[in-house]
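This is what each chain is made of:
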Amino acid sequence: MRILYCGLRASWTLKGHKYFDVKWAHLLSSLAEVTLCYFEDGWYEDVNENIRKEVFDAAEQLERKKWINWNLWSRWQWKRLAIKDHAECNFYIKKVLELSERKPYDYIVISTMDLISYFLYRNRLRKAAKLMLIVHSVDGFQNGILNKIFMKVKDDFHYIVMEEEGVHAMNSLYGIARSNIHYIPHMLNPVTKHLHSMHPAYDIVGISNSNADEEVRKIIELEKKEHFFENNGLRALFRSKNIAFCSKGLHVFKGRLGFTYDEYYTYITKARVIVLPFGRQFGLRSSGTMIDAFSQGIPVIGNPFQTMLQYHRLIPDICKLYTTMEEFKGSVLELLTGNETYKEEYRLFINGHSDEFIIGQMKKAFT
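Residues numbered from 1 in each chain as written. Predicted model: local features only at pLDDT ≥ 70, side-chain atom pairs only at ≥ 80, totals over all residues. Heavy atoms only, no water.

Enquirer: Describe the overall build of the chain, naming the residues involved and giving the relevant values.
Expert: Each helix and strand counted, the chain has 15 helices and 14 strands in total. Computed over its C-alpha atoms, the radius of gyration of the chain comes to 22 Å, within 12% of the 21 Å expected for a compact globule of 367 residues. Its C-alpha atoms give the chain principal-axis dimensions of roughly 65 × 50 × 45 Å. Each of the 367 residues in the chain was classed as buried or not, and the buried ones make up 54%. Considering only residue pairs separated by 6 or more positions, the chain has 68% of its internal contacts joining residues 24 or more positions apart. If you sum the accessible surface of the chain, you get close to 17,600 Å²; carbon and sulfur atoms cover 51% of it. Measuring between centres, the 49 positive side-chain charges of the chain sit 7 Å from its 43 negative side-chain charges. (Helix = DSSP H or I, 4+ residues; strand = E, 2+ residues; numbered from the N terminus. Rg over C-alpha atoms; globule rule 2.2 N^0.38 Å. Buried < 20%, exposed > 50% of the residue type's maximum accessible area, 1.4 Å probe, protein only. Contact = heavy atoms within 4.5 Å. Areas by Shrake-Rupley, 256 points an atom, 1.4 Å probe, with all protein chains shown as cover. Lys, Arg positive; Asp, Glu negative; His and termini not counted. Charge placed at Lys NZ, Arg CZ, Asp CG, Glu CD.)

Enquirer: Any details on the pairing of strand E6 (residues 157-161)? Residues and values, ideally.
Expert: The buried count for E6 comes to five of five residues, which makes it a mostly enclosed element. Neither face of E6 is open: one carries Phe157, Tyr159 and Val161, the other His158 and Ile160, and all of them are buried. Bridge count between strand E5 (residues 130-135) and E6: five bridges; the pairing is parallel. The partner of Met132 across the bridge, within E6, is His158. In this fold, E5 hands off to helix H6 (residues 144-153), which returns the chain to E6; that crossover is right-handed. In this structure, E6 lies alongside strand E7 (residues 181-183), joined through three bridges in parallel fashion. Each residue of the ladder has a partner; that of Val161, found in E7, is Tyr183. Remark: the E6/helix H7 (residues 166-174)/E7 crossover connection has right-handed handedness. (Pairing = 2+ DSSP bridges. Right-handed = clockwise from strand over helix to strand, strands pointing away.)

Enquirer: Any chance you could break down the nonpolar core for me, citing the residues and the numbers?
Expert: Among the nonpolar cores identified, the biggest contains 73 residues, and Trp24, Met170 and Phe366 are the most heavily contacted of them. Sort the elements by how many residues they give to this core and helix H3 (residues 83-102) lands first, with seven residues. Core analysis: the second largest hydrophobic core is formed by 53 residues, Val252, Tyr265, Tyr267 and Ile291 among them. (Core = buried A, V, L, I, M, F, W, Y, C linked by side-chain atoms within 4.5 Å.)

Enquirer: Outline helix H10 (residues 261-270), supporting the account with residue identities and numerical values.
Expert: Across the ten residues of H10, seven count as buried, placing the element largely inside the fold. Within the span of H10, buried status applies to Asp262, Glu263, Tyr264, Tyr265, Thr266, Tyr267 and Ile268. Next to the buried residues of H10 lie strand E8 (204-206), strand E9 (236-240), strand E12 (273-276) and helix H11 (288-295).

Enquirer: Account for the packing of aromatic side chains, with residues named and values stated.
Expert: On inspection of all chains with the given rule, the structure shows 27 aromatic pairs. Aromatic pair Tyr118 and Phe157: ring centres 4.9 Å apart, planes at 45 degrees, arrangement tilted. You can see Tyr118 sitting in helix H4 (residues 115-120) and its partner Phe157 sitting in strand E6, a full 39 residues away along the chain. For the pair Tyr118 and Phe157, a shared accessibility class is recorded, and that class is buried. For Arg2, the ring lying beneath its charged end belongs to Tyr105, and the centroid distance is 4.4 Å. Seen from the ring of Tyr202, Arg235 lies directly overhead, with NZ or CZ sitting 4.3 Å from the centre. (Phe/Tyr/Trp six-rings, centres within 6.5 Å; stacked < 30°, edge-to-face > 60°. Lys NZ or Arg CZ within 6 Å of the ring centre and 35° of its normal.)

Enquirer: Pulling in residues and values, what's your account of the sheet that holds strand E14 (residues 319-321)?
Expert: What the seven strands build is an open sheet, ordered E10-E11-E9-E8-E12-E13-E14; its pairing is mixed. Two strands in the sheet have a free side with no partner beyond their single neighbour: strand E10 (245-246) and E14. Here E8 pairs with E12 via two bridges, running parallel. The residue of E12 that forms the bridge with Val205 is Ile274. On top of the sheet, helix H12 (residues 306-314) reaches E12, strand E13 (300-302) and E14; it is set at about 120 degrees to E14, its chief contact. (Axes fitted to C-alpha atoms, helices over the stretch in contact; angles between N-to-C directions.)

Take a look at the structure:
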């Protein structure tokens, strides 16, 4: 069996997927001959020798196209069309088609996809191989023009969902046959590299790019009024899109994460509790921060978006919900004193996301 693993979106959107993509390719290589597409030399690290490598730097080629680099595309309403991103994706699709013509594949696994660009090459890609699309957000095809395109092409793919409830959701939301939907969970992400960062430790950490400002604002107001973190001898670090705040117990920085690997995982691994203050619109998709937390044996608190609800039902002692700040405070204090008693719940999560379990699920999907 021959499998091509690729990402069909602009490369800058996929920088945070590097670990995920390499691990997927490694696990697939236990079942098949795998080819991994690189966006540029050195894009992926530590790829084992069993995996074939195909490098195609579409971003470099785009620089040679004068019309793609007109300033016009970054102005006003043109910016929303993401012309350059679509053009880069078109290059990748052409490369995938070239590879499949050179030596056919049984499957093409698409780690994430520009749906508009796919539509332009739909007929050729469908003929190239059986298409397996990894769905990072089950809710992501519900609105606007993407929904209209998706409903036209939905039967082109088999789907891989990373949350078990995603099988039912894909079926009920889009009418996709359950036989075309496969549950393969997100892999664990244990920190195995030695961390060199000298950054200070925080007891409570909520630094995801998915944080919702309205949820972070509630935590800031709590600290302003009650000094909850300070009075309990705690230090908390949160990320917000637009809000900055600093007090003795709480530090909130604004903007997207710009941490190095060492900085990010120093904060994660030294935390006693991880908070996911996401909006409910986050929906049913895997949270990398949640995976990071449970992989290190750190409990999670979050408001009730769909993924949190799913894991709260499965492992309620280490995955706690809050809807009010009273519930938030109670959960924080409970987890700070009882985490050692929850080893069975961590074991349940880890077994359900282990390499062995994932490979077993892959065997069922790739038949």
